[in-house]
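Chain by chain, the residues run as shown.
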Amino acid sequence: MGTFERNNWIVRVLRRWNNSRSSALLLTFLIPARLALAIAAPPKPDNHYLDQSAAFPPAIAREIAEVLKKCAREQDVHIYVLAVPTLKVMPSRVEATLEELLKATRDAWLEDEVGALIVFDDESGHATMAASEKAITEFSPVSINVLLKDPRLQSKMKRSAAEKLADTVTLLVEGFTELRTRQKVAERKREMTQVIFASIAGGAALLGTASFALRKRTHRPG
């Protein structure tokens with residue numbers, strides 16, 4: 001084989017390899033994008049924290065899990081964190097797929113609980129969150145919307161992923177704690193009002209009974 005023929009053969013092989021590699025990469029993006037339409041929620045974690053990507057240092061992961069468990073124990077508000085290594089979709093599909101994963105996981109994990117879910121994609125650095133339907137019902141849509149739209153949660157400051165996640169968890173815990181505190185105060189006020197009205201009604205009833213008895217004695221035949 002001459003030099004010219006050998007070089008042509010090498011060029012043809014390289015072209016075929018590049019074409020096949022491009023096709024493989026294209027399929028890698030396209031197939032998961034179709035599968036993303038049927039996203040399933042991962043198993044619910046007992047400690048409220050599931051890091052499938054190992055994106056965060058163990059010490060931070062433990063600290064976040066403790067904060068979440070304490071919030072669940074003391075406030076009966078369940079905030080969960082799910083971190084995934086990659087969504088395996090094209091960049092243009094990341095946000096939509098993240099929202100699909102968020103909805104599927106929230107509905108599975110928070111079906112009967114007051115709380116919220118944070119989902120973080122390690123590959124793209126994108127994160128999103130949503131409150132449970134029960135939280136929206138219990139605290140009102142307006143209160144939940146104000147909490148989730150907190151400018152500090154939407155901050156674009158340059159921070160590490162671990163810092164952003166820790167700050168997000170802290171702000172959500174503080175926000176839900178404040179909502180729960182306000183709810184308890186309102187309940188105590190309602191209870192006090194009911195007690196006061198009950199006391200007034202009871203006093204009025206006793207006064208009426210005493211007045212009736214007095215009138216009967218006054219008009220008794222001599």
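Placed above this text is the structure.
Small disclaimer: the values here were computed from a predicted structure and weren't measured. In this convention, every chain numbers its residues from 1, walking through the sequence in written order. Restriction of local features to residues with pLDDT of at least 70 applies here, the model being predicted, together with a cutoff of 80 or more for giving and counting side-chain atom pairs; totals for whole chains, interfaces and linings are based on all residues. Working from all heavy atoms in the structure, the side-chain values ignore hydrogens and water.

Quick look at helix α5 (residues 141–148)
Right, on to step 1. What α5 keeps buried is the set Ile144, Leu147 and Leu148. In an axial view of α5, the angular spread of the buried residues amounts to 90°, which keeps them on one side of the axis. Set apart from the buried face of α5 by more than 90 degrees, the exposed residues are Val142 and Val146. Any residue under 20% of the maximum accessible area for its type is buried, any over 50% is exposed, and the rest in between are partly exposed; the area is computed with a 1.4 Å probe on protein chains only. Only DSSP runs of H or I reaching four residues or more are called helices, and only runs of E reaching two or more are called strands; each is numbered from the N terminus. Arc, as used here, means the arc of the directions from the helix axis to the C-beta atoms.

So, the pairing of strand β4 (residues 127–131)
Right, on to step 1. The pairing of strand β3 (residues 115–121) with β4 spans five bridges and is classified as antiparallel. Within β4, the residue paired with Phe120 across the bridge is Ala127.
Right, on to step 2. DSSP bridges decide pairing: two strands pair if at least two such bridges lie between them. What sits between β3 and β4 in their antiparallel hairpin is a turn of five residues, with Gly125 showing a positive phi close to 85°.

A look at the environment of Lys134
Right, on to step 1. Residue placement: Lys134 occurs in helix α4 (residues 133–139).
Right, on to step 2. For Lys134, a relative accessible area of 40% puts it in the partly exposed group.
Right, on to step 3. Remark: the alpha-carbon pair of Lys134 and Glu111, spanning 23 residues in sequence, is separated by 7.8 Å.
Right, on to step 4. Not counting residues within four places of it along the chain, the set of residues in contact with Lys134 comprises Asp112, Glu113 and Val114.
Right, on to step 5. Here a polar contact is taken to be a pair of N or O atoms separated by no more than 3.5 Å, where protein atoms must pair a possible hydrogen donor with a possible acceptor and residues adjacent in sequence count only if both atoms sit in side chains. A distance of 3.4 Å separates the side chain of Lys134 from the backbone oxygen of Asp112, its partner in a polar contact. Whether two residues are in contact is decided by their heavy atoms, any of which lying within 4.5 Å being enough.

Here we look at the sheet that holds strand β2 (residues 78–84)
Right, on to step 1. The strand order β1-β2-β3-β4 describes an open sheet built from four strands, whose pairing is mixed. Pairing within the sheet leaves two strands with one partner each, and these edge strands are β1 (49–51) and β4. Direction aside, the axes of adjacent strands within the sheet are offset by 10° on average.
Right, on to step 2. The sheet contact formed by β2 and β3 spans seven bridges and is parallel. The residue of β3 that forms the bridge with Val84 is Asp121.
Right, on to step 3. To obtain an axis, a line is fitted to C-alpha atoms, over the contacting stretch when the element is a helix, and the angle between two such axes runs from 0 to 180 degrees between their N-to-C directions. Set on the sheet, helix α3 (residues 94–109) makes contact with β1, β2, β3 and β4; between it and β3 the angle comes to about 145°.

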